[in-house]
Structures are given as C-alpha cells and as structure tokens.
Amino acid sequence: MSQVATANAEPIGITNLPNQRYKIVSKEGATFTVMLAGESGLGKTTFINTLFQTLLIPHQDNRNRFSKPIKKTVEISIVRAELEEKNFKLRLNVIDTPGFGDNVNNKNAWQPIVEFIDEQHSSYMKQESQPTRTGAKDLRVHACLYFIRPTGHTLKPLDIEAMKRIGTRANLIPVIAKADTLTPNEMLEFKKRIRAIIEAQNIRIYSPPIETDDQAAAEHAKQLIESMPFAVIGSEEEFEVDGKMVKGRRYPWGFVEVENDQHCDFRKLRSLLLRTNMLDLILSTREIHYETYRGLKMNGEVGSESPSKDSKRKSVDKFVDNPEFIEEEKRLKRYFAEQLRNEDQRFKQWKQNIHTEKNRLNHDLANLQGDMKRLEEEVTSLKQEKGYE
Ligand SMILES: Nc1nc2c(ncn2[C@@H]2O[C@H](COP(=O)(O)OP(=O)(O)OP(=O)(O)O)[C@@H](O)[C@H]2O)c(=O)[nH]1
C-alpha cells in the first residue's frame, strides 16, 4: 500500500531531521523504515497512526495485504507513505507484523521477522554490487519497535527470545503498550523489571548517543535512555480539553493524554524517532547492522540463499531444532556481538573525527572572517586616503 500524506496543522517534527547531527540530508528528503513487532492487539497500528497524525495503516479488518503471508504466526505487510512537512519529504516504510504470538505454538515466531531483516540487508547488498545503483530498493529496517504487553509482571520467554534475535540485527526499541492500563507505580516497577531482564539477558537495545559537545542534547539523550522501555498510549481520537483538541483516551474515571509526559512517554519516543535520533538510527543501521551482515556474508558466515522462498522456508524449519544449527547459531551470535563491539568503537571514532574536523573548519572560518574584516578595513582606509569617500 502506498500513500502520500501531508502532515496537517500540527507539525510532527520531521523537518528537524536536517538539523540532526551530520547534515547529510539533502533536498530529496530521507527514507526511514520502521518495523512493528509484538503480540497482536497491543496497539501497534494505533500507535503508528497516532505518531504520524494520519490513518496510515487501516485496522486489521479492512487491511489490504499485498504481501504473501510468510508463516501463519506472522504476516508481514509493508505500508509505504510519503510525508511532507515544510517541503521536507520523508519516505516512510512501515513494516507491520500483525498476529505475532497468536499461534498455540509460538516457538520461533520471531524467525520470519529476523529473516525479513536479514533479507533486506542481503537484497541491498546485491543491489550495491550492480553496475548502476539508481533506484535501488532499500527496506533495511532502521528501527524495530517491540511492543510489550502491559502485564505489570515480567517479560514472556517469547519476548525475550524475539528481542534477543532482533537486537543483533536492527536498532531495537522496546515499548510498553497501552500504558494507560497500569498505574504510575505499577509502570515504574514494570519498567525496572524489564530493564533488569534486558541487562541480564544481554538484549541489545538501541541507545541514543550522548553528545559530549552539546549539553542540552546530552541531557535529552540521557532522559531518553532513562525512559526505556518507553511506555506509550495510542489514540486516533481527539477530545476537547480547555478549549484545545488533544489526542487521548477517555474513561469514566478521567482522561489520559497521549502527549502528556505525566501520562506516558509518547513525546519522548516521537522525539527519538522523528526529531533527534532519526539520522542516528539510519546511520547506525548502515554502519553497524548492515556492515556486520555484509562482513559475515563476505566471509561466507551467513548461508547463501536458496533459489526460492519456499525451499528456504523448508530448510529453515529443518534446521531450527538441529543441535549443530544451534551450536552454529551460538557461534554466530558471539561473532555478531564482537563485530558489533568493533563497529561501535569504529562509529565512536568516526564521530570523534567529525567533531575534530568541525572544530578545525570553525577555526579556519573564524580566521577567514578575521582576514576579511582586516581587508575591509584596509580598503576603507585606502579609499579615505585617496579621497574616494
Ligand atoms: N487502552 C488502550 N487501548 C489501546 C491503545 N492503543 C490501542 N488500543 C486499542 O487496542 C485495540 C487494538 O489496537 P490495534 O492498533 O489494532 O493493535 P495492533 O497491535 O495493531 O493489532 P494487530 O494488527 O492485530 O496486531 C484497539 O481497540 C485500540 O483502540 C492504548 O494505548 N491504550
């Protein structure tokens, strides 16, 4: 499905993208691919529609799926949209995975998601090796929002396994769905527990970089990190509050606002995705996740693809319970972890180099401005001497 939506009255913030770190965004705008994962009915569709202030994804019943179902447990569908705000274009791809965890046997329900992410790297790699690369299709996932059921207890083993796998391949952002169903204290405790599990299970989640040369940005990044996993409320309905229309959910006991920091972390997550960290998500996908995949593939560490999706599917099913495969997977995981550490290091070094270069350019610019001022003064005094002025 493809559509063009023009952000209405209230800007969603994508025009901030060119102000983000490396100013590499051109007039052509940007392409951003976000994936939604998690159990069905957790409000993934509603969240995306709330985020982009438009009915981007129709709800389950009238959804028009054009992609073939990959497996019964997960049907992956792609929604493409072009958003425009103050002449800045954002080509948005939303990879929706409805039905995740619906089956009686959910073992390996994460597999199609992980395969989808890998396939995008693989497809991009193939396109990159073609003589002409114009019009290359790029669906590499820049951010995967993983929706967690607001049980208030703990993470399910399926969530842990899925998050572990996704985190090694894409920027994983854990999200607690339907935050309005927990009290603030319950939410605090739930968040603490989830953070502890993420740490204990070595789940790799996206962490916004902390800028050393910009205190306000550093504070903001710290706040984002502290808020993880983001507790969100989604709503496609608006209600009048103090004469203003606000998005929220109305209950007999009161009204919860989507954009109220006291009620949920919607604004923080929106800021991370669309205002402050979109470029970092795009760059880290390219610099860390894609390069890691590419390195593995070049070394023959990732199996070559079978001729058809069907046969690939069968071979995957055959291998998942095989002890040799499990051992191989563990080895790959270790390799991935090491590669990610190296890439992290390289990324930090790269950031540092850019910072140094920026300072040098600023310094040169200041010198040039000084020279220019001096020359102007000389010209003025010469003119005065010659009586031109
Ligand atoms: N209480 C509450 N309900 C919500 C919230 N967000 C969505 N819902 C409701 O949850 C139901 C499911 O929402 P969807 O957005 O369709 O959920 P989904 O995760 O996309 O579901 P699938 O497409 O089946 O995977 C709807 O009735 C929504 O109105 C929320 O933040 N709080």
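Basis of the calculations
- Residues numbered from 1 in each chain as written.
- Predicted model: local features only at pLDDT ≥ 70, side-chain atom pairs only at ≥ 80, totals over all residues.
- Heavy atoms only, no water.
- UniProt positions renumbered as here; feature names shortened; annotations may be inferred.
- Buried < 20%, exposed > 50% of the residue type's maximum accessible area, 1.4 Å probe, protein only.
- Helix = DSSP H or I, 4+ residues; strand = E, 2+ residues; numbered from the N terminus.
- Contact = heavy atoms within 4.5 Å.
- Salt bridge = Lys/Arg side-chain N within 4 Å of Asp/Glu carboxyl O.
- pLDDT = per-residue confidence, 0-100.

For the chain, an unreviewed UniProt entry supplies the name DEKNAAC100704 and the organism Brettanomyces naardenensis. According to UniProt, the comment filed for the chain under the heading Sequence similarities (unreviewed entry) is "Belongs to the TRAFAC class TrmE-Era-EngA-EngB-Septin-like GTPase superfamily. Septin GTPase family."

**Remarks on helix 1 (residues 44-51)**
Within helix 1, eight of the eight residues are buried, which leaves the element mostly enclosed by the surrounding structure. For helix 1, the full list of buried residues reads Lys44, Thr45, Thr46, Phe47, Ile48, Asn49, Thr50 and Leu51.

**Things to note about the environment of Asp213**
Note that Asp213 resides in the loop between helix 4 (184-200) and helix 5 (215-227). Judged by relative accessible area, Asp213 falls into the partly exposed class, the value being 39%. Beyond its immediate chain neighbours, meaning those up to four positions away, Asp213 contacts His355 and Lys358.

**Some points on the UniProt feature "coiled-coil region" (unreviewed entry) in the chain**
Per the UniProt annotation, the sites labelled "coiled-coil region" (unreviewed entry) are residues 351-385. Between the end C-alpha atoms of residues 351-385 there is a gap of 51 Å, over a span that is 100% helix and 0% strand.

**Thoughts on the pattern of salt bridges**
When the charged atoms of two side chains with opposite charge come close together, those side chains can pair. Summed over the entire model, instances satisfying the criterion amount to 16 salt bridges. Salt-bridge contacts for Arg169 lead to Asp118; the nearest nitrogen and oxygen are separated by 3.0 Å. Residue Arg169 is located in the loop between helix 3 (157-167) and strand 6 (172-176), and its partner Asp118 is located in helix 2 (residues 111-128); the two are separated by 51 residues in the primary sequence. One exposure class covers both Arg169 and Asp118, and it is buried. A salt bridge links Asp261 to Arg267; the shortest N-O distance between them is 3.1 Å. You can call Asp261 partly exposed: its relative accessible area is 35%. Among the charged side chains, a network of salt bridges with common partners joins Glu39, Arg149 and Lys156.

**Some remarks on the confidence of the model for the chain**
Residues of the chain with pLDDT of at least 70 account for 72%, and the chain-wide mean is 77. Here strand 1 (residues 2-6) stands out as the element of the chain with the lowest mean pLDDT, 42, in contrast to strand 6, whose mean of 96 is the highest. Counting contacts from residues 20-26, a segment whose pLDDT is below 50, to residues more than four positions away or on other chains yields 27 contacts. Confidence over residues 303-320 falls short of pLDDT 50; this stretch has 23 contacts with residues more than four positions distant or in other chains. With a pTM of 0.70, the predicted complex shows an ipTM of 0.96.

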